[in-house]
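The primary structure of each chain is shown beneath.
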Amino acid sequence: MLDSISAKAPENWEPKIVAFLCNWCSYAGADLAGTGRIQYPPNVRVIRVPCSGRVDPLMILKCLTRGADGVLVSGCHPGDCHYIAGNYLARRKFALLDELLDFFGIEKGRVHFSWVSAAEGEKFADVVKQVTETVKAQGKPCLGQICGDERG
Amino acid sequence: MIRAAFEPSIVGFLCNWCSYAGADLAGTSRLSYPTNLRVIRVMCSGRVDPELMLEPFLRGADGVMVLGCHPADCHYLSGNYQAEQRVHCVWMVLEHLGIDKGRLCLDWVSAAEGARFAELVAEFVSQVKRIGPAGHEESREELSRQDFIWRVRVGMRVTGTEKFRWLVGRQKALLDDKNVYEEQLSGERLRDLMRTVIAEESIRAAIELLTEAGPMSVKDMAEALKLPARTVLEHTAYLKRYGFVELHDILGRTPRYVSPRYTQAKDEI
Amino acid sequence: MVQAEKGSGRKTVGAVLVIGGGIGGMQAALDLADSGFFVYMAEKKSAIGGVMAQLDKTFPTNDCSMCIMAPKLVECGRHLNIEVITNSEVASVKGSAGDFTVRLVRRPRYVDQEKCTGCGVCALHCPVGAARDQFNADLGCRPSIYIEYPQAVPLAYIIDRETCVGCGLCETLCLAQAVKYDDEAWEREIEVGAIIVATGFDAYDPSERKEYGYGRFPNVVTSMEFERILSASGPYEGRVLRPSDGDIPRKIAFIQCVGSRDRAIGNGYCSSVCCMYATKEAVIAKEHAPGVETTVFFMDMRSYGKGFEAYIERARHEYGVRFVRTRVGEVVEALDTGNLILSYETEGGAIEKEEFDLVVLSVGLRPPTDGARLAESLAIALDTHGFLETRSLDPLATTRPGIFVCGAMQGPKDIPETVTQASGVASSTGAILEGARGSLTRRKIYPEEKDIRGIGPKIGVFVCHCGINIGGVVDVPSVVEYAKTLPNVVYAEENLYTCSQDTQKRIQEKIEEHGLTRVVVASCTPRTHEPLFQETCREAGLNYYLFQMANIRDQCSWVHMRKPIEATEKAKDLVKAACAKAALLEPLERIPIEVKQSALVIGGGLAGMTTALDIANQGFRVHLVETAPELGGHLRRLHFTLCGDDIQTYLGDLARRVMSHPSIDVYLGSQMTDVTGYVGNFKSRIIECNKTNGEVNSEIGSEIEQGVEVEIEHGVVVVATGAKEYAPSDGKFLYHRHPAVVTQSEFEEALASGGFPTFIERQDQDGPIVMIQCVGSRDEERGYCSRVCCSEAVKNAIRLKRMDPKRDVFILYRDVRTYGTREIYFEEARDLGVVFIRYPDDEVPIVCSSIVGNPETRCEGNVGKNYDPGPVTVEVTDTLLGEKLAIPAALIVLSTGIVPDERNKAIAQMLKVPLDENGFFLEAHMKLRPVDFATEGVFVAGLAHSPKTIDETIAQAHAAAGRACTILAAGTIMADGIKSEVTKTKCAGCGLCVEVCQYSAVELDDKDNIAVVNTALCKGCGLCAATCRCGAITLKGFTEEEILAEVDALIC
């Protein structure tokens, strides 16, 4: 098993975090944070997907290998999924991924999952703050450089 | 006393075919007239741009004469009518700016009127003498040199604006013919519009000039221009929208504006 | 003209005239045009948009007004079945419902609307510059040739003939040759089946209120002027400056009720919206000018609507807006500074003077000045205030059949109420014109789609300033420059508003000019604006799905307002990602889906019945499900309206019409247990269980299991499940512990039956009746206002006073919220001698009872169930006197609030629609989609949505029917092109995708044992794609390559 592979980052290093938000709840929640002018760190880059269930675990790993410092996947609250149970299935997969990450030696704090509804602008901002802080505290992962060469 | 010693300098724009010939005739006839006039020959009085009528004042003139052919005699058919329209409008600008409109004279001299030319010059010189030196506290306008120059510069900007020039250019046609709606416009209505344009453009020109010198707040400008701050604000907002002034900074609660020309000049330094 | 014949032989014209092009008129027009009627929209001004176009932001979401309205503006402007006739007014109307002949008079525009491109060169050069700019509330100047506002629809200039001297310059300059000086007024006769009046309101002119100095003091402005000051497209470009000297004010005062609740000037009614808009302006002012102090001087805080109370609380606590309860007596100008000194009396009676830099007068809403003339030409009646006369039980119908009203012309109201009424009139109109549906409408024909195969991606990027919403934070020009450097980008530009109609035209021109095969717009959220831009692309021959958006406002400039550099970097990244994905996009096909032309209405109360009748009258089948054994819901407990209409007679009649309607199936004592499907094709299971002993279990219990289960198919769902009356528990207010404590509806029940002797045994028989307001509303448990209680209390107090004039009636309140024309009844109650006592927000009145045979007095909280109750008293702190009073009462009436039904949660989960934080159903958009859910085909009406009055419920029920019918009438709807797709050669036939699909859209082919997707069922969630072991299944529009291209672009 690999040891934790974080390296010391320069002082002013700002992590780049990829966030997969489901169109119906979390993306709408992020929009609501905007209409409410709730400020949060600019480190997150959002990719809109129809459902959190669209995100497969490999996609998350690919984000990390391509140089993302952290990944956030956010979907609807249990029971609220626009596609009935996409979020449940997503979570089941991510629970497995969590254990795999450990095996790969990637700290848990790099990958986050959350539930944000269309009415939770403030919660979205909080999630972003918290994820950004966690990733920042862990520093820049080396994974990007190690695996970077393997990219096509 | 200054007044007694004052010899005004006068610039005369004389058209080639009538007035200039008239001046020559005065010479061949050995008619004497005051030495204050310096003549600039132009092909037609219609060549004299409103800005040209004001420009001499910036350079030290105390009076400007525009002399052309008698009505209907114009070598170029209607150049003199155009000149007349322009002078009337420039008079309105001078009036608005508090400059005695007697400093600008328009008259007709034919090639055969040497004596009339000499008389007109003498009359105008004494008229300007009565008004006093341009930009002097003891002149009729009681303006300092600096103030006078400032006003002339505002006036030149106004006469350079599209709106002013369009109206001056259209004025005669609008009065002679009907307007686009087939209506006859009254001279009074046109003059009212001209006055409004002059008033508005003067304020805008003044704001531009002020902000070209450095950052100014609306209140400072209002004080400098002796205008209600409300009016200045409205025009500053207009100029800002079209990029003629920019927000420079905010001092406490007071935004200051500056012309991009000032910024450019500073950048170049 | 095509016309349909009705049974009577009289013709019904399938067209409607909408008078007024504001938000109400637009919504009505769109709903009607979408449900098969041709719409003429007559607008007085040169552009549609109305007052909403002038607003900067809207409460309670602080949404940018123009941003949320622009899609509707554009849609109206280019809808095939809406003809916008600007500069026009109605001259006369002949005929009757179903067949009117209307004579319209159009004033000349002097500019050819078709030719004008809106470039604005004419206005820039026009020598006449002195006319006041009405759109900017007269705060600036506009030339003689002008446009109403930058995003105007139609985007065409107009010459103000009053000020134009006719110099001819604009004609010389206009390259489009659009100037037309010989334009003349014309008249036109149109035939329509119905007329909708949506003329809106005029703002009150405060000049006559001399004591506030409007017109004399430059720093006293109206709320509309202040709205323009706040707006990015306003006179000061969104910077808060005061008009006297251009300084940024330190202290701003808002004076409420200017021209409202003022009998002296003849406007006795409340304007309904001022408390909220003033608070909004106070909040936005703080955002635009950090550090500014804002104070609202008000009489009663009327934050009665959904989400309003929370907004006020946020304004107070988060933004620090100060609220002072008083009526400002006078405003005088301070010498030299232009500041203003306000004098007012505090609640304690002291006279205060306070200095402000700027004063905003919250002016009221008035009927439009030409309202009377219009009413005359339409031959309809006005009410005493000058609004159109309507009945509370038929709030959208005027006095002439076939002519309807919506919006502020019916009485003061806010945007969602207006939009609700607009959809409502669309439904009422649809019901009377049913036979002529589709007879005059045209279908849109698109140009053939361009074949982009083999061309390779050529991307055009359009970056929006959104006024200052984006441009104020993000450096837009640098984003444009950056976009130009990205791979495959062949063109990039910036726009003030990318959503405006002229920009749509521009985008199409650029598609042609540069042969673009992909379009990227960087602006707001795709959730609201993607359809608009997709339509634009499609009209230019590009497939809908060759479009991509970058959200650089809601998720960038708005949330990183204080980090312009980082925000600009982020915006660049987002544009880069959008372009990276755009390069990979492929054309997708939209498949038509057949709509089951029937509706399921859940709830048989007032809202449910009204909706059901409306939909049925429009010619569609309705299944109405009610849990109770009889129809009527909450309405059964009410007996008369504020203006005296008899509710029970109305209810009985309504229920009879529903029960006997041939197109309505009523399921009483029944419950919906399951719903599947999607818009157009829902399947629901209903368990019918009644006719036994009348007792129905509210839970899905044993009794229901014995019921008969039926399955119905339907195209739409309307949720009208109602709400409940709050019942104080645990002896609060001694309710259910003392016979002389009743709720307002129990009291009404007693009043209706002629008296209330049973309650007041053992009480002082002649003692006062005390009503306590806000019981279960606006408290810690339920932060919202229940909206109806003040009017209900006033209604019953008046009734009581009429029956028993000598009896004292006290109403203990916090704010009297008799908004709109209900204010008149508040006045009447006061005139009748009803005493209103205000109690402090944090000191709820306490009810105490003496005990028979015991000197002790028990107050709520320390009283058990078993005691012998004697006379009751109410202890209350009177804020006016500053004293604690103890009022012995004959009867205590609790104005209990409205609470959501706990069954909402189950229904919400079944339908996949959200609830708000209080447990009411949450609509798709608070302002502009008040009866829709984000889930297509599902609508809401009545108390299930939020507390509301009877007339509002009826209007909303009509609205839900109107919205539902836009789907039902369409017959088919186009399904989204985002579907899963299987690469046969990669599929191993493991069946994982079949297992995860929630819609049974994937199955294994019998022959080859590989997965096959049923595109009609596929909803495009992508679960299968994310599950597949061998990458054989993908989601079109969100392929792995596309997503990873975004990832790469975002993090490199």
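Residues numbered from 1 in each chain as written. Chains lettered and ligands numbered in written order. Predicted model: local features only at pLDDT ≥ 70, side-chain atom pairs only at ≥ 80, totals over all residues. Heavy atoms only, no water.

**Q** Explain the overall build of chain A residue by residue, including any values.
**A** Per the secondary structure count, chain A includes five helices and six strands. Counted from the first residue to the last, chain A has its helices and strands arranged as β-β-α-β-α-β-α-β-α-β-α. Each of the 152 residues in chain A was classed as buried or not, and the buried ones make up 62%. A separation threshold of at least 6 residues defines the contact pool for chain A, and within that pool the share at least 24 residues apart is 84%. Looking at chain A as shown, the accessible area adds up to about 6,100 Å², and 56% of this sits on carbon and sulfur atoms. (Helix = DSSP H or I, 4+ residues; strand = E, 2+ residues; numbered from the N terminus. Buried < 20%, exposed > 50% of the residue type's maximum accessible area, 1.4 Å probe, protein only. Contact = heavy atoms within 4.5 Å. Areas by Shrake-Rupley, 256 points an atom, 1.4 Å probe, with all protein chains shown as cover.)

**Q** Mind laying out the domain arrangement of chain B, listing which residues take part and the relevant values?
**A** All names here are of chain B. In terms of domains, chain B is made up of domain 1 (2–131) and domain 2 (161–268). Taken over C-alpha atoms, the centre of domain 1 sits 30 Å from the centre of domain 2. Each partner contributes to the interface: domain 1 provides 11 residues, whereas domain 2 provides 11 residues. When domain 1 packs against domain 2, the two sides together hide about 1,100 Å² of surface, and 70% of this comes from carbon and sulfur. Broken down residue by residue, the surface that domain 1 buries against domain 2 is led by Q85, C89 and M92, which jointly contribute 47%. Summed over the shared surface of domain 1 and domain 2, the number is two salt bridges. The shortest N-O distance in the salt bridge between E51 and R165 comes to 3.4 Å. Joining domain 1 to domain 2, the criterion identifies three residue pairs in polar contact (both at pLDDT 80 or more). The dominant element in the side of domain 1 that touches domain 2, judged by the number of residues it contributes, is helix α4 (residues 79–97), at eight residues. Residues of the side of domain 1 that touches domain 2, tallied by class, amount to six nonpolar, two polar and three charged. (Domains from an automatic or database assignment. Buried area = accessible area lost by both parts, 1.4 Å probe. Salt bridge = Lys/Arg side-chain N within 4 Å of Asp/Glu carboxyl O. Polar contact = N/O pair within 3.5 Å; in protein donor to acceptor, adjacent residues only side chain to side chain. Nonpolar A, V, L, I, M, F, W, Y, C, P; charged D, E, K, R; others polar.)

**Q** How would you sum up the interface of chain C and chain B? Please name residues and give values.
**A** How big an interface is tends to be stated in terms of the accessible area lost upon association of its parts. In this assembly, 43 residues from chain C lie in contact with 32 residues from chain B. Across the interface of chain C and chain B, roughly 3,100 Å² is buried in total on both sides, 55% from carbon and sulfur atoms. The interface formed by chain C and chain B includes two salt bridges. Measuring nitrogen to oxygen at the nearest pair gives 2.4 Å for the salt bridge that ties R161 of chain C to E183 of chain B. Counting every contact that joins chain C to chain B gives 12 residue pairs in polar contact (both at pLDDT 80 or more).

**Q** Explain the sheet that holds strand β22 (residues 340–345) of chain C to me, using residue names and the numbers behind them.
**A** Residues and elements named next belong to chain C. Spatially, β21-β22-β23 is the arrangement adopted by the three strands of the open sheet, whose pairing is antiparallel. In this open sheet, the two strands that pair with only one neighbour each are β21 (328–333) and β23 (351–356). Strand-to-strand twist of the sheet, defined as the mean angle between neighbouring strand axes without regard to direction, takes the value 20°. The pairing of β22 with β23 spans six bridges and is classified as antiparallel. Each residue of the ladder has a partner; that of E345, found in β23, is I351. (Pairing = 2+ DSSP bridges. Axes fitted to C-alpha atoms, helices over the stretch in contact; angles between N-to-C directions.)

**Q** Give a detailed account of the pairing of strand β3 (residues 15–19) of chain C, specifying residues and quantitative values.
**A** Residues and elements named next belong to chain C. Summarising burial for β3: five of the five residues are buried, a large majority. Covered by surrounding structure in β3 are A15, L17 and I19 together with V16 and V18, the residues of both alternating faces. Bridging between β3 and strand β4 (residues 38–42) involves five bridges; their strand directions are parallel. Among the inter-strand pairings, I19 is bridged to a residue of β4, identified as A42. Read from β3 through helix α1 (residues 23–34) to β4, the crossover connection turns out right-handed. Where β3 and strand β15 (residues 194–197) come together, four bridges link them in parallel fashion. Each residue of the ladder has a partner; that of V16, found in β15, is A194. (Right-handed = clockwise from strand over helix to strand, strands pointing away.)

**Q** Break down the pattern of salt bridges for me, with residues and values.
**A** In the structure shown here, the tally under the stated rule is 96 salt bridges over all chains. R527 of chain C serves as the salt-bridge partner of D31 of chain A, at 2.9 Å between the closest nitrogen and oxygen. One end of the pair, D31 of chain A, is in helix α1 (residues 26–35); the other, R527 of chain C, is in helix α12 (residues 526–539), on a second chain. On the accessibility criterion, R527 of chain C (38% relative accessible area) is partly exposed.

**Q** So what's going on with the interface of chain C and chain A? Which residues, and what values?
**A** Counting residues at the interface gives 54 residues for chain C and 49 residues for chain A. Summing both sides of the interface, chain C and chain A together bury roughly 4,600 Å²; the carbon and sulfur share of this comes to 57%. Here chain C is connected to chain A by six salt bridges. With a shortest N-O distance of 2.9 Å, E1040 of chain C and K62 of chain A are connected by a salt bridge. Every element with two or more residues in the side of chain C that touches chain A is listed here: α12, α13 (553–557), α14 (564–584), α24 (1023–1027), β55 (1033–1035) and α25 (1040–1051) of chain C. In the side of chain C that touches chain A, the residues fall into 22 nonpolar, 15 polar and 17 charged.

**Q** Could you give an account of the sheet that holds strand β5 (residues 111–115) of chain A, with specific residues and numbers?
**A** Residue and element names in this part refer to chain A. Across the sheet, which stays open at both edges, the four strands sit in the order β3-β2-β4-β5 with parallel pairing between neighbours. Every interior strand has two partners, whereas the edge strands, β3 (44–49) and β5, have only one. Looking at each pair of strands side by side, their axes are set apart by 20° on average, direction ignored. Sheet topology places strand β2 (residues 17–22) next to β3; six bridges connect them, and they run parallel. Bridge assignment links V18 to a residue of β3, and that residue is R45. Strand contacts of helix α2 (residues 57–65): β2, β4 (70–75) and β5, with the helix running at about 150° to β4, the strand carrying the most contacts. Of the strands in this sheet, β4 and β5 are in contact with helix α3 (residues 86–104), which crosses β5 at around 155°.

**Q** Give a description of the packing of aromatic side chains that names residues and reports values.
**A** Here the structure, examined in full by the defined rule, presents 24 aromatic pairs over all chains. Arranged with centres 6.0 Å apart and planes meeting at 55°, the rings of F103 of chain A and F104 of chain A form a pair that is tilted. Given a relative accessible area of 54%, F103 of chain A falls into the exposed group. Ring geometry for F462 of chain C and Y491 of chain C: centres 6.1 Å apart, planes at 55°, overall tilted. Residue F462 of chain C is found in strand β27 (residues 459–464), and its partner Y491 of chain C is found in strand β28 (residues 489–495); the two are separated by 29 residues along the sequence. Both residues of the pair, F462 of chain C and Y491 of chain C, belong to the buried class. Put simply, the rings of F59, Y304, F308 and Y819 of chain C touch in pairs and so form one group of aromatic residues. Taking NZ or CZ as reference, R41 of chain B lies 5.7 Å from the ring centre of Y20 of chain B, over its face. (Phe/Tyr/Trp six-rings, centres within 6.5 Å; stacked < 30°, edge-to-face > 60°. Lys NZ or Arg CZ within 6 Å of the ring centre and 35° of its normal.)

**Q** Explain the state of the cysteines to me, and be specific about the residues and the numbers.
**A** If you walk through the whole model with that rule in mind, you get one disulfide over all chains. Between the sulfur atoms of C18 of chain B and its disulfide mate C69 of chain B the distance is 2.5 Å. In this structure the cystine formed by C18 of chain B and C69 of chain B twists about its S-S bond by roughly 95°; its chirality is therefore right-handed. Of this pair, C18 of chain B sits in the loop between β1 (10–15) and α2 (19–28) while C69 of chain B sits in the loop between β3 (63–68) and α4, and the two are 51 residues apart along the sequence. Each of the two residues, C18 of chain B as well as C69 of chain B, counts as buried. C126 of chain C forms no disulfide, and the closest cysteine sulfur to it belongs to C167 of chain C, at a distance of 6.5 Å. (Disulfide = S-S within 2.5 Å.)

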